[in-house]
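# Examination of the molecular architecture
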Amino acid sequence: MTQDQIILFGLFGAVFVLFLWGRWRYDLVAFAALLVAAVAGAVPAEAAFAGFGHPATVTVALVLVVSRGLTTSGAVNLVTRHLVDSERSTGGHIALIGGIGAALSAFMNNVVAMALLMPVDNQTAKKAGRAPGRTLMPLTFATVLGGLVTLIGTPPNIFIASFRGRELGEPYLMFDFAPVGAVCAVAGLTFIAVIGWRLIPQGRAEGPEAAMFELADYVAEIRVPEGSELVGKRIAEIEDEAETADTAIIGLVRGGRRLYGGARQAVIQAGDALVVEAPPDAIDAFKSAHKLEYFGEGRRTAAEAEGLSLMEVVAPERARIVGRSALALQLLRRRGVTLLGISRQGRRITERVRRTVIEPGDVLLLLGPTERLGDVAAWLGCLPLAARSLTLSQYEKAWPAAIIFLAAIAAASLGLVYLPAALASAVALFVFFGIVPLREIYDHVEWPVVVLLGSMIPLGAALADSGGAGLIADGIVSLTRGLPAWALLAVLMLVTMALTNVLNNVATAVIAAPIAIDMAANLGVAADPFLIGVAVSASCAFLTPVGDDNNTLIMGPGGYAFGDYWPLGLPLQLIVLSAAVPAILVFWPF
């Protein structure tokens, strides 16, 4: 092997181990690997940052903004709000909502599609008396399957399309993935709705909702009598002491008027009532330590506290609060909202809640002023588990948003406009018509995905240019010598599926695409079957909660453990493989 090949194989090995370990974010790991490769000369200096201007990177960023515009306009809600019925059987519900999820994720980011449908699925499960965990995993897998159908449905498709343009002179178009992707999606969704949902392990938590709302009993109003040591102090002065005692002061009642959030600088007076949140023992201890008294009805539920509301949200992997605690974010001080409880894989955390570091997939129970909760949840980067209402003014933007998006897709599909230019035009029109405010454009881009793509694309290109991908392809062909080309395609897809369950799907596609090209050249057959096979298999991460963002997203709401994914995911991967290989042979023959 050459020096460049040794460096690149070493870096890809380190990236694989660090991705699997999960200690550091994958975008930081990928960017660090790119820097090392550039300094070592394995990636040419002039190409080191070319990935950030690559069409695949730009397209992914634009798709995210367009997806958000379709969401906020209410266009998607017009499709979903009348279609889901709690009277349907579990299989029938999964077939319907899974079909909707697959259709949506074919044209938007699957995390956005899941964020829209998860509250609907939760609400339907509650009405039907069904555990959310019975349907959330099928819904997530359906959104992944739907992404296989179009070029913009999933980042691996976007990368593979542009990679083909570089290697073969012409990229894939919008619906070139559709014949194979649709076969896989229909086969997979049929299996999930008829048989697959029954394979999800029984006995898991019924979801966080019932247990989480019991925490509402931990809100109390405590009166400050004459002579109390707290008289004359500002609430801000005693917050640290209260937090140490696992108690949060969330407001103040004075003369019948309740102040929340903005009461931090208020000077406590005799007769005031402090609104506190804590476990019962902590409330009693705080009351006794400062010689306070229960006020009025004493301990009361948060839902009864005037002006306050509860909201359940789930923290996706890239949420602002992930890796930090509510105390570190100063959630109560800065936003006037307190973290009331946490559910992690169906297990409640009720002690030292505000000091607990949040993990991806955690369900958080927030308590705060009704009019502020939605904005705070968005600031945290969390997704609500209850369906939100949309105003009439929002629905008035639904049709313009849908027409603009469909026009952009049609123009790109017919080859009239370059796809990134079509999507950029759609974003510009969204801004012009007020569908997406200009100040929010950058907020809707998942920058870790952009950094990952921008970093991995030059590394993948260097692996191909150095001959490293060819070495791997030669090894696979040698080990499977004598087998027909379709069998080698199946082997490549199996290896790619295995990798994508522990690596990010984009990273997997970047690594596997050059190998696919070299395998085809080694066999003397067309490259398209292998590229399409990589595109399909790189997106099919069904075995672990870390293989896909949506898999992580549902851990808390569904009450899933790490090992709950493979009983449904493994047969689903085999179903997809069994459907994909014949479909590829028909629509993309060797």
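Residues numbered from 1 in each chain as written. Predicted model: local features only at pLDDT ≥ 70, side-chain atom pairs only at ≥ 80, totals over all residues. Heavy atoms only, no water.

## Considering the environment of G53
Considering the arrangement of structural elements, one finds G53 in the loop between α2 (26-40) and α3 (55-72). On a C-alpha basis, the gap between G53 and G454 in space is 7.5 Å, while along the polypeptide they are 401 residues apart. (Helix = DSSP H or I, 4+ residues; strand = E, 2+ residues; numbered from the N terminus.)

## Digging into the pairing of strand β4 (residues 273-277)
Within β4, five of the five residues are buried, which leaves it mostly tucked inside the rest of the structure. Side-chain alternation along β4 places A273, V275 and E277 on one buried face and L274 and V276 on a second face that is also buried. Bridge count for strand β1 (residues 219-223) against β4 is five bridges, and the pairing is antiparallel. For I222, the partnering residue across the bridge sits in β4 and is L274. Here strand β2 (residues 248-254) pairs with β4 via five bridges, running antiparallel. Looking at the pairing, V253 lines up with A273 of β4. (Buried < 20%, exposed > 50% of the residue type's maximum accessible area, 1.4 Å probe, protein only. Pairing = 2+ DSSP bridges.)

## Comments concerning the nonpolar core
Judged by nonpolar contacts, the single largest core of 141 residues is most densely connected at I152, F159, L459, M519, V536 and V576. Ranked by the residues each element gives to this core, the list is headed by helix α22 (residues 505-523), at 12 residues. Those residues in contact with V536, other than ones at most four positions away along the chain, are L148, V180, C184, M493, V576 and A580. Core analysis: the second largest hydrophobic core is formed by 22 residues, V337, V353, L380 and C382 among them. (Core = buried A, V, L, I, M, F, W, Y, C linked by side-chain atoms within 4.5 Å. Contact = heavy atoms within 4.5 Å.)

## Some details on helix α23 (residues 528-539)
Look at α23: 17 Å from first C-alpha to last across 12 residues, which is about the 16 Å you get at 1.5 Å a residue. With 12 of its 12 residues buried, α23 lies for the most part within the structure. Within α23, burial applies to D528, P529, F530, L531, I532, G533, V534, A535, V536, S537, A538 and S539. In this structure, the buried residues of α23 make contact with α7 (133-146), α8 (155-168), α9 (178-194), α21 (485-500), α22 and α26 (566-587). (Expected span 1.5 Å × (residues − 1).)

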